[in-house]
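Examination of the molecular architecture
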Amino acid sequence: MLNKVLLALMFALSFIGTIAFRISMPAIAFFTRRVLEASALSVGLLTSSFFTARAIFSIITGSLADKFCRKVIYGASLCFILNGLVVQLYALAESVLAVLCVRFLQGMLNGVSWVSVQFVLGKSVSENVRGRVYAIYFALGTLGIAAGNILYSIFSNYPMVYILNISSALFAISSMLSLIIGLSFKGSTVLNIKKTKKTAAVGKSEERRLIKAVPLMVVVLGTTFFSSMVRGDLIYIYINESFNVTKAIAAEVVAFTSLIALIGGYVLSWISDSFGDLFALKIALTIAVVGSIVMGANVFTVAIMGLVLFYIANSGILPISRRIAITHYRLGGTTLGLINASGNIGAVIGAFVIGYLYDVFNRGSVVILGAKLTVFVLLSSLTLIASLIVSLLFLKRS
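First, a word on what this report is: a plain description of the structure on this page. Keep in mind that what you see is a predicted model, and the values were worked out from it rather than measured.

1. A short note on the overall build of the chain
Looking only at helices and strands, one finds 18 helices and two strands in the chain. By residue count, 59% of the 398 residues in the chain fall in the buried class. Taking as baseline every contact in the chain between residues at least 6 positions apart, the subset at least 24 positions apart corresponds to 84%.

2. As for empty space enclosed by the protein
Applying the stated criterion to the full structure yields five cavities of 30 Å³ or more. When its volume is computed, the largest cavity comes out at roughly 710 Å³. If you trace the largest cavity, you find 35 residues lining it, with R22, F51, R54, I145 and L318 closest to the centre. At the level of elements, helix 1 (2-22), helix 3 (40-68), helix 5 (96-123), helix 6 (127-155), helix 10 (214-230), helix 15 (300-328) and helix 16 (332-361) are the ones that each hand at least two residues to the lining of the largest cavity.

3. Topic: helix 3
Along its 29 residues, helix 3 runs 41 Å from first to last C-alpha, staying within 8% of the 42 Å computed at 1.5 Å per residue. A positive backbone phi angle near 50° is found at C69, which sits one or two residues after helix 3.

4. A word on the side chain of T61
In this fold, T61 is placed in helix 3. Overall, the relative accessible area of 4% leaves T61 in the buried class. In this structure, T61 is in contact with G111, V112, V115 and S116, ignoring residues within four places of it in sequence.

5. Details of helix 12 (residues 247-260)
Taking 1.5 Å per residue as the helical rise, helix 12 with its 14 residues ought to reach 20 Å, and the 20 Å between its terminal C-alpha atoms agrees with that figure. Taken together, the buried positions of helix 12 are A248, A250, A251, V253, V254, A255, T257 and S258.

6. Topic: a nonpolar patch on the surface
Where nonpolar side chains cluster on the molecular surface, the patch consists of I293, L379, L382, I385, I389, L392, L393 and F394 and spans about 730 Å² of accessible area. By the element assignment, F394 lies in the segment after helix 18 (382-393).

7. Considering the packing of aromatic side chains
Each aromatic ring pair is characterised by the separation of its centres together with the angle its planes make. Taken as a whole and judged by the stated rule, the model has 15 aromatic pairs. Ring centres 5.5 Å apart and planes at 65° place the aromatic pair Y238 and F376 in the edge-to-face group. In this pair, Y238 sits in helix 11 (residues 234-242) while F376 sits in helix 17 (residues 375-380), placing the two residues 138 residues apart along the sequence. For Y238, a relative accessible area of 3% gives the class buried. Residue class for F376 comes out buried when judged on its relative accessible area of 0%. Connected via pairs of aromatic rings, a cluster forms that spans Y238, F243, F300, Y358 and F376. A cation over an aromatic ring shows up here: R231 above the ring of Y311, its NZ or CZ 3.9 Å from the ring centre. Over the ring of F30 we find K247; its NZ or CZ atom is 5.7 Å from the centre of that ring.

8. Side note on the pattern of salt bridges
Tallied over the entire structure, the rule returns one salt bridge. Of the charged contacts in the structure, one is a salt bridge between E241 and R33, with a shortest N-O distance of 3.1 Å. Pair noted here: E241 is in helix 11 and R33 is in helix 2 (residues 25-35), with a separation of 208 residues, a long-range link. The class of E241 is partly exposed, set by a relative accessible area of 30%.

9. Here we look at the packing of helix 4 (residues 72-86) against helix 5
Packed helix pairs are specified by the crossing angle of their axes together with the interaxial distance, meaning the distance between the axes. Following both chains from N to C, one finds helix 4 and helix 5 inclined at 150°, their axes separated by 8 Å at the closest point. In terms of orientation, helix 4 lies roughly antiparallel with respect to helix 5. As for the relative orientation of helix 4 and helix 5, their crossing is left-handed in sense. Of the residues in helix 5, those in contact with V72, I73, G75, A76, C79, F80, L82, N83 and V86 of helix 4 are V102, L105, Q106, L109, N110, V112, S113, W114, S116, V117 and V120. Across the contact of helix 4 with helix 5, the residue classes tally to 14 nonpolar, six polar and no charged.

Basis of the calculations
- Residues numbered from 1 in each chain as written.
- Predicted model: local features only at pLDDT ≥ 70, side-chain atom pairs only at ≥ 80, totals over all residues.
- Heavy atoms only, no water.
- Helix = DSSP H or I, 4+ residues; strand = E, 2+ residues; numbered from the N terminus.
- Buried < 20%, exposed > 50% of the residue type's maximum accessible area, 1.4 Å probe, protein only.
- Contact = heavy atoms within 4.5 Å.
- 1 Å grid on protein atoms, 1.4 Å probe; cavity = no way out; pocket = protein on both sides within 12 Å on 5 of 7 lines; lining within 4 Å.
- Points joined across faces, edges and corners; volume = space filled by probe spheres on them.
- Expected span 1.5 Å × (residues − 1).
- Patch = residues over 30% accessible without salt bridge, like charges linked within 9 Å, V, L, I, M, F, W, Y side chains within 5 Å.
- Areas by Shrake-Rupley, 256 points an atom, 1.4 Å probe, with all protein chains shown as cover.
- Salt bridge = Lys/Arg side-chain N within 4 Å of Asp/Glu carboxyl O.
- Phe/Tyr/Trp six-rings, centres within 6.5 Å; stacked < 30°, edge-to-face > 60°.
- Lys NZ or Arg CZ within 6 Å of the ring centre and 35° of its normal.
- Axes fitted to C-alpha atoms, helices over the stretch in contact; angles between N-to-C directions.
- Parallel < 35°, antiparallel > 145°, perpendicular 65-115°, else oblique.
- Left-handed = near helix turned anticlockwise from the far one by under 90°.
- Nonpolar A, V, L, I, M, F, W, Y, C, P; charged D, E, K, R; others polar.

See the structure below:
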């Protein structure tokens, strides 16, 4: 019974913690673009600075998780409350550089928080349901994205400080949830992992096994390269400027397309549990490639259909890759940290490159098979195509 309560708390944490961060994203994106008069490249650098810090601290936290197991959840609790304080610094920012520094700090804190939570979650359930549990966890995170965008749309005409205060309050709640989870484990059988001579002697043989995760890391990197636009700050600018809609509508589009994609993401994770990780991952990548290309259409409704397809694929790729890390590697925390880091690196590079491409090609379009598609979206989707090729040629069960 206690284990179910702990899972419920971690699911709630995914939802509330995501809202806490995402409600401020469109506010900061529009503040940087309109008040500070930043280029699209600078808006993209918001995502890059965030994921640079998150990549570094994901690896560190993953290694610590293998050593300290459930205790890393206390680090998550501390980082959530610090995030609530840091987000208030945006109100003091008077330059793009200052905003980038605050977002970098948030990346550090998020790297510790979410890798810790994902590790504890994966170790809390048996292998045969792990994919679906991760799917529910990420689905609630997606619901949090939607809720954060809806809340932003409601308060979009209020001073930014209102939104920052809501964010801080939600981060405080997230910190309390993390602390309760950590304290509750003392009376639970979850994570009752004892080190044996066999596990202590993993050493170089396990490190060699980690090399087999490189193709998976490449796949995740390529996916998040494109995801840096549709899940980052730039998507609000793209929808707002490319289709001439209001800030509130741009946020609502991201919210509702994320919600629509939830069912598809859960189906992909069920396929992962039932028919194999790699099979499900390849299906997800195929959907991602199709969605990214369709999203480049200059027709609003068609582009939104492409966005939904990519969100479906992304909702599957996230839990499947984490399931593989925790299930097939003894150093699950380290592998999880590396996969998170590779995704973060992809987001860093992607946000920089796609932001630059938007500045150069946002007015350009090209006709392919009779469809008018945006050049910069087509170029951005090349990494997804590369990820699909890598998955087909090099990914094998470890």
